[in-house]
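Fold and contact review
Take a look at the letters that make up each chain.
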Amino acid sequence: MDKWTEIKTAYQIARLGTVSAAADVLGVHRATVIRHIDTLEAELGARVFLRNRTGYTPTEVGEDLLRVAHATEEQFEQLAGRTRSRSAKITGDLIVTAHERTAPLLLPALQRFQDENKSTVIKFIASAALLKLEYGEAHVAIRSGPKPDQPDNIVQPYHDLKFGLYAHESYVAHNGLPQSRDDYCNHRFVCWEQDKTPFPFTGWLRRNVPQTNKTLISANQGIADQALFAGMGIGFHPEIYARKRADLVEILAPQPDWVVPLWLVTHTDLHRSAKVQAVLKFIKNDRSSR
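Description of the structure in this document. (Residues numbered from 1 in each chain as written. Predicted model: local features only at pLDDT ≥ 70, side-chain atom pairs only at ≥ 80, totals over all residues. Heavy atoms only, no water.)

1. Examining the side chain of K214
Among the secondary structure elements, K214 is positioned in strand β9 (residues 214–218). Residue class for K214 comes out buried when judged on its relative accessible area of 12%. K214 has contacts with F189, C191, E193, L205 and V209, leaving out every residue within four places of it along the chain. (Helix = DSSP H or I, 4+ residues; strand = E, 2+ residues; numbered from the N terminus. Buried < 20%, exposed > 50% of the residue type's maximum accessible area, 1.4 Å probe, protein only. Contact = heavy atoms within 4.5 Å.)

And the structure:
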């Protein structure tokens, strides 16, 4: 017998006592409630309720039926509770993509996220390439430069990466400090440069440092950083990282036009998912990256 709608109607009448109250709870007309009961009784071949002036009273058959209905409702509520619990539990892969140089900013927040969500596996794709979030290539992306404008993406400010000009103490010990702009021609520079993506400080280098004094040029910031740490020359470095190194000497403090803005980017289809919302909360609330 496929009569779950009618059984649910009978259960509400028994629980509430009147057709009108059951109709209100079920969001249907009184006539629909009465029709459901008539259909159910015809199917069973017996009365489910006794009608009287005060309402509807279950018969013996009705009591049996309602015990089944009550047990079914309880089992459904238990199922719904288990489903909600599983939905709230965050598991599986979380794919994050960012330039390798921003990893130190992100990792403390990702660690705290994973401490609370131990069933997750973080896949960190260190790349400057713009992975396609709409195809699920990443759940969360950190993008640098001008505000991303790809359609269907949600973009939020993340961090302003301030760059200063630094030298390793070993370089300073052997070469001293530049005394003026004219003195830059007497110093060596290690440079992080890309042809297609000029950085804010690229113009400053072009105006102030002779090309012959750029003794190491790399499109990979990690290589430029290692050259800086090895004392090969003066170079640009994020202030937030330089503050944590006692062996770096500040040559020029960060300037407003050397700032590289970072953006949190998610796709609209995934933005409201529990997993993405949870990791975004940790990333945005993290203070170690400020």
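Back to the text.
2. Some thoughts on helix α3 (residues 30–44)
Taking 1.5 Å of rise per residue, 15 residues should cover 21 Å, and α3 covers 21 Å from first to last C-alpha, within 8% of that figure. Listed as buried for α3 are T32, V33, H36, I37, L40 and E41. Positive phi shows up at G45, right after α3, with a value of about 70°. (Expected span 1.5 Å × (residues − 1).)

3. Concerning the sheet that holds strand β7 (residues 163–168)
Spatial ordering of the open sheet is given by β10-β7-β11, a layout of three strands whose pairing is antiparallel. Because the sheet does not close on itself, it has two edges, and the strands there are β10 (235–238) and β11 (248–252). Going across the sheet, the axis of each strand differs from the next one's by a mean of 55°, ignoring polarity. Each of β7, β10 and β11 touches helix α8 (residues 221–229); the most contacted strand, β10, lies at about 110° to it. (Pairing = 2+ DSSP bridges. Axes fitted to C-alpha atoms, helices over the stretch in contact; angles between N-to-C directions.)

4. A look at the packing of aromatic side chains
Counting across every chain of the model gives 11 aromatic pairs. Seen in terms of ring centroids, F163 and F201 are 5.1 Å apart; in terms of plane orientation they differ by 55°. Their pairing is tilted. On the criterion of sequence distance, the pair formed by F163 in strand β7 and F201 in the loop between β8 (189–192) and α7 (202–208) is long-range, its members being 38 residues apart. Neither residue differs from the other here; F163 and F201 are each classed as buried. Each residue in the set F163, Y184, F189, W192, F201, W204, F236 and W258 is aromatic and connected to the rest through ring pairs, giving one cluster. Of note, R245 hangs over the ring of F229, and the distance from its end group to the ring centre comes to 3.8 Å. (Phe/Tyr/Trp six-rings, centres within 6.5 Å; stacked < 30°, edge-to-face > 60°. Lys NZ or Arg CZ within 6 Å of the ring centre and 35° of its normal.)

5. Here's the deal with the sheet that holds strand β5 (residues 140–144)
Here five strands make up an open sheet; going across it, the order is β4-β3-β5-β12-β6 and the pairing mixed. Sheet topology places β4 (120–126) and β6 (153–161) at the edges, where each strand pairs with a single neighbour. When strand polarity is set aside, the average angle formed by the axes of neighbouring strands in this sheet is 20°. Seen against the sheet, helix α5 (residues 103–116) touches β3 (92–98), β4, β5, β6 and β12 (260–267) and runs at an angle of roughly 170° to β4. Along the sheet, helix α11 (residues 274–285) makes contact with β3, β5, β6 and β12, crossing β12 at roughly 160°.

6. With respect to the pattern of salt bridges
Evaluation of the coordinates by the stated rule reveals eight salt bridges. A salt bridge links D38 to R51; the shortest N-O distance between them is 3.6 Å. Of the two residues, D38 is situated in helix α3 and R51 in strand β1 (residues 49–52); the sequence distance between them amounts to 13 residues. The partner of D93 in a salt bridge is K123, with the nearest N and O atoms 3.1 Å apart. Note that D93 is positioned in strand β3 and K123 in strand β4, a separation of 30 residues in sequence. Residue classification places D93 among the partly exposed positions, given a relative accessible area of 32%. Its relative accessible area of 40% is what places K123 among the partly exposed residues. When salt bridges that share partners are traced, they join D38, E41, R47 and R51 into one network. (Salt bridge = Lys/Arg side-chain N within 4 Å of Asp/Glu carboxyl O.)

7. Some details on the pairing of β3
Of all the seven residues making up β3, five are buried; the element is thus mostly covered by neighbouring parts of the structure. With seven bridges joining them, β3 and β4 adopt parallel strand pairing. Residue pairing in the sheet places D93 in a bridge with V121 of β4. With respect to chirality, the unit in which β3 leads through α5 into the neighbouring parallel β4 is right-handed. (Right-handed = clockwise from strand over helix to strand, strands pointing away.)

8. Here we look at the packing of helix α1 (residues 4–16) against helix α2 (residues 19–26)
Contact pair α1 / α2: the axes reach a minimum separation of 8 Å and the direction vectors enclose 125°. Taken together, the axes of α1 and α2 are oblique relative to one another. Once α1 is placed against α2, the crossing between them reads as right-handed. Only V19, A21, A22, V25 and L26 of α2 make contact with α1, whose side of the interface consists of K8, T9, Q12, I13, R15 and L16. Looking at side-chain class alone, the contact of α1 with α2 contains seven nonpolar, two polar and two charged residues. (Parallel < 35°, antiparallel > 145°, perpendicular 65-115°, else oblique. Left-handed = near helix turned anticlockwise from the far one by under 90°. Nonpolar A, V, L, I, M, F, W, Y, C, P; charged D, E, K, R; others polar.)

The values reported here are purely geometric and, on their own, carry no functional implication.
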